[in-house]
Each structure stands twice: as structure tokens, then as C-alpha cells.
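Residue-level structure breakdown
Here is what each chain is made of, one letter per residue.
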Amino acid sequence: MSVSGSKCTRLSGALVKQVLESVDSVLFDCDGVIWRGDQAIPGAPQVINLLKENGKNVFFVTNNSTKTRKMYADKMSALGFNVTEEEVFGTAYCSAMYLKTICKLEGKVYLIGSNAMKQELEAVGIQQTGVGPDHISGKQSDWASVPLDPEVKAVVVGFDEHFSYMKLNRALQYLIQRDCLFVGTNRDTRLPLEGGKAVPGTGCLLQAVETAAQRQAQTVGKPNHFMFDCVASKYGVKRESCLMVGDRLDTDIMLGSNCGLRTLLTLTGVSTVAEAEAHQSSGCTESQGMVPDYYVESIADLLPALQG
């Protein structure tokens, strides 16, 4: 529960120090929170670095499946963040961990996804097939009998710029086998870009595969609690002394609610206070999970309390 008692409170003044003193660990989303595109949010590197200097555990949880942990850490370092790849939890890595530790997968993966996902799967000893373009060939009668790899025991869907009809068809043919596992990285339907623009997200690809297969995938990304479990099991993070910071109510804030963490919405990304307040007054139980404990204009608002 929030220190102030009412949710959706602006985090400012003495309350900032109070909240920061009550937590040991802080989880940050990346895009729209610590950076936008290739630019750090002004003040964000100092916030992260000072939190660490003040003895806080800092972790990064992102639904983006197109980068390995190392690629993330390299980007952060270049922007002035003091970060190691062990502190980064993306859906490429978490999907690999999910298949390895929860599903105990024995076999290969048919992967609709990126090279980064291939690398993270291989890093835990899981072989994949499917990365790269898959062009249409033959006629309709041939498509239902495309050659399948008998060792494939799971279909995994992440972001794939080469998504195609043939990939959708191949996924369907694997998923007709009921013992084939079905995992998705996340359900974000749109990826917001600068200036109010957007492109389709992984959720669109996943829904296409689910519709074809007439099956629901298990997703590992936010707001699924597995994302937090990944961090918690490795670092012994306690829910009651952990703060989740994000810019999206339906993924970041919902993850916090699902895991019993305190939540902080930052307004440098997708969601607005008006949306949070609309959820709060909706009377709908599901929507209450999308109401943050606190909000700030930018995470730079934490700087005075950290420098003090």
C-alpha cells in the first residue's frame, strides 16, 4: 500500500525521500522511462547511478524481444548509465529461462522472432529453427504438408520483422500437435514512436498465430508475474520493498499490481494521469490494477531527493 494511503498521488517533496527509503530494489521499464528512442531522458542516467550509489538494487525489465541483455547493457552504458547485463531482463532472455526452468523443454523451438531471441535461447542450450525470411512456395495443397522438424516441441512468438503467411502456416502445423508448447514474449499491440507515430507490436503477430492455431499462448512479458519472478528468484528481491517504475499502465503498472509491488508512473512515455484516474474511478476490479501508487512528470523528479 502507498505511504500516503490514496493511490495515484503525485510523488514530490518529502514524500520522494520517504518512498525511496522504504524500498531496497527498483525495477525500471526502459523505453519511455529511461530513454526515448536513442536519447536518454534528461537526468535519467544520474537517477539510476545515484540509486545504486545509495545502495539500492536496480533492475531493468522490458518487453522488447529484439535485443539480448548484452545489447541492452551496451546501449545503456553508451548513454551514461552504470549498468551490467545481469541487471537487464528482456523478454528474449526471460522466454529462454521460462522454457528452460518452467517448461523443462526437451527439444527444439520453432521461433518466430529475432536473432537476439535465437542467441538467448542458444545461451541456455535450446536450439531453434525459423529465424529469417520464409517465402511462400508451391500451392495451397502443399502448404498444409510443409516439412516439419520432428524435434520441435515448442512454438515461440516474439517480434519478427520477417513475419509472413508461410511462418503463420508453419506455426499452425506445429501447433496442431497438441503436445507442442506455445509461448509468446508479450502482447503489446503497438510500439509507440516519436511524434505520436506507432508501428504494430508483437501482440499482433501473436494474435494471428493464436487465431490460426485456435490455441492461447502463455506469455512471459509484463504484466505476467514471471517477469518479476525471473528477477526475484535470481536476486532475492522482496515484493514489499520493491518499486516498479514504468510509463504504461497495462504492462508496467499492471505487473506491479500482479506482484504486490509499489508502482510509479512516469509521464515521459505512453500513459497519462487522466487515463490512470479514469481506471481508478471506473469501479472495475481489473482496472484497479492499472492505477499506480504514485506518478512523476519524469524520473528526473527523483534527483533532488537522491542528491540531498
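Residues numbered from 1 in each chain as written. Predicted model: local features only at pLDDT ≥ 70, side-chain atom pairs only at ≥ 80, totals over all residues. Heavy atoms only, no water.

Let us look at the overall build of the protein. Per the secondary structure count, the protein includes 13 helices and 16 strands. In terms of overall dimensions, the protein is globule-like: its C-alpha atoms have a radius of gyration of 20 Å, near the 19 Å expected for 308 residues. Seen through its principal axes, the protein has C-alpha atoms that stretch 70 × 40 × 35 Å. Buried positions account for 53% of the 308 residues belonging to the protein. Taking the intrachain contacts of the protein between residues at least 6 apart in sequence as the baseline, contacts between residues at least 24 apart amount to 71%. When the accessible surface of the protein is split by element, carbon and sulfur atoms take 51% of a total near 13,600 Å². Taking the 29 positively charged and 34 negatively charged side chains of the protein as two groups, their mean positions are separated by 3 Å. (Helix = DSSP H or I, 4+ residues; strand = E, 2+ residues; numbered from the N terminus. Rg over C-alpha atoms; globule rule 2.2 N^0.38 Å. Buried < 20%, exposed > 50% of the residue type's maximum accessible area, 1.4 Å probe, protein only. Contact = heavy atoms within 4.5 Å. Areas by Shrake-Rupley, 256 points an atom, 1.4 Å probe, with all protein chains shown as cover. Lys, Arg positive; Asp, Glu negative; His and termini not counted. Charge placed at Lys NZ, Arg CZ, Asp CG, Glu CD.)

So, on to the pattern of salt bridges. Counted by the stated rule, this structure contains 13 salt bridges. Notably, a salt bridge pairs Asp74 with Lys70, separated by 2.9 Å at the nearest N-O pair. In this pair, Asp74 and Lys70 both sit in helix H3 (residues 69–78), four residues apart, roughly one turn of the helix. When its relative accessible area of 42% is taken as the criterion, Asp74 is described as partly exposed. Across the pair Asp188 and Arg248 runs a salt bridge whose closest N-O atoms are separated by 3.8 Å. Here the residue Asp188 occupies a position in the loop between strand E10 (181–184) and strand E11 (190–192), and Arg248 occupies one in the loop between strand E14 (242–246) and helix H10 (249–259), the gap between them amounting to 60 residues. The burial state of Asp188 is the same as that of Arg248; both residues are buried. (Salt bridge = Lys/Arg side-chain N within 4 Å of Asp/Glu carboxyl O.)

Here we take up the packing of helix H4 (residues 91–102) against helix H9 (residues 226–235). Relative orientation of the contacting elements H4 and H9 amounts to 75°, with a least axis distance of 10 Å. In terms of axis orientation, H4 runs roughly perpendicular to H9. Contacts from Thr91, Tyr93, Cys94, Met97, Tyr98 and Ile102 in H4 reach Phe226, Met227, Cys230 and Lys234 in H9. Residue composition of the contact of H4 with H9, by class: eight nonpolar, one polar and one charged. (Axes fitted to C-alpha atoms, helices over the stretch in contact; angles between N-to-C directions. Parallel < 35°, antiparallel > 145°, perpendicular 65-115°, else oblique. Nonpolar A, V, L, I, M, F, W, Y, C, P; charged D, E, K, R; others polar.)

Before going further, it helps to spend a moment on helix H8 (residues 202–213). When the terminal C-alpha atoms of H8 are compared, their 17 Å separation across 12 residues agrees well with the 16 Å that a helix rising 1.5 Å per residue should span. Of all the residues in H8, the buried ones are Thr202, Gly203, Leu205, Leu206, Val209, Glu210 and Ala213. End-on, the buried residues of H8 take up no more than an arc of 160°, which puts them together on one face. Buried positions along H8 lie against strand E7 (108–112), strand E9 (152–157), helix H7 (165–175), E10 and strand E13 (218–219). Downstream of H8 by a residue or two, Gln214 has a phi angle that is positive, lying close to 55°. (Expected span 1.5 Å × (residues − 1). Arc of directions from axis to C-beta.)

If you check UniProt for "binding site: substrate" (unreviewed entry), the listed places come out as Lys222 in our numbering. Here Lys222 is to be found in the loop between E13 and H9. Classification of Lys222 as buried rests on a relative accessible area of 3%. Setting aside its immediate chain neighbours within four residues, Lys222 contacts Asp29, Val61, Thr62, Asn63, Met227, Met244, Thr251, Asp252 and Leu255. (UniProt positions renumbered as here; feature names shortened; annotations may be inferred.)

To continue, consider the pairing of E7. The buried count for E7 comes to four of five residues, which makes it a mostly enclosed element. Bridge count between E7 and E9: five bridges; the pairing is parallel. Bridging from a neighbouring strand, Ile112 pairs with Val157 of E9. Across two bridges, the pairing between E7 and strand E8 (residues 128–129) is parallel. Looking at the pairing, Tyr110 lines up with Thr129 of E8. In this fold, E7 hands off to helix H5 (residues 115–123), which returns the chain to E8; that crossover is right-handed. (Pairing = 2+ DSSP bridges. Right-handed = clockwise from strand over helix to strand, strands pointing away.)

Before going further, it helps to examine helix H2 (residues 44–53). An α-helix turns once per 3.6 residues; consequently, residues spaced three or four apart project the same way. A large share of H2 lies buried, amounting to eight of its 10 residues. When we look at burial in H2, the residues that qualify are Ala44, Pro45, Val47, Ile48, Asn49, Leu50, Leu51 and Lys52. Buried residues along H2 sit against helix H1 (14–21), strand E2 (25–28), strand E4 (39–40), strand E5 (57–62) and helix H13 (303–307). Of the residues one or two after H2, Gly55 is the one with positive phi, at around 85°.

Let us now look at the sheet that holds E5. Taken in spatial order, the seven strands make up an open sheet running E1-E16-E15-E14-E2-E5-E6, and their pairing is parallel. Looking at which strands have only one partner, the edges of the open sheet turn out to be strand E1 (9–10) and strand E6 (88–90). Sheet contacts for H4: E5 and E6; angle to E6, the most-contacted strand, approximately 75°.

The strands making up a sheet associate through hydrogen bonds between their backbones, and the pairing can be parallel or antiparallel. An order of E8-E7-E9-E10-E13 is seen for the five strands of this open sheet, with the pairing classed as parallel. The sheet is open, and its two borders are formed by E8 and E13, each paired with just one other strand. On the sheet, H7 packs against E7, E9 and E10 and is oriented at approximately 150° with respect to E7.

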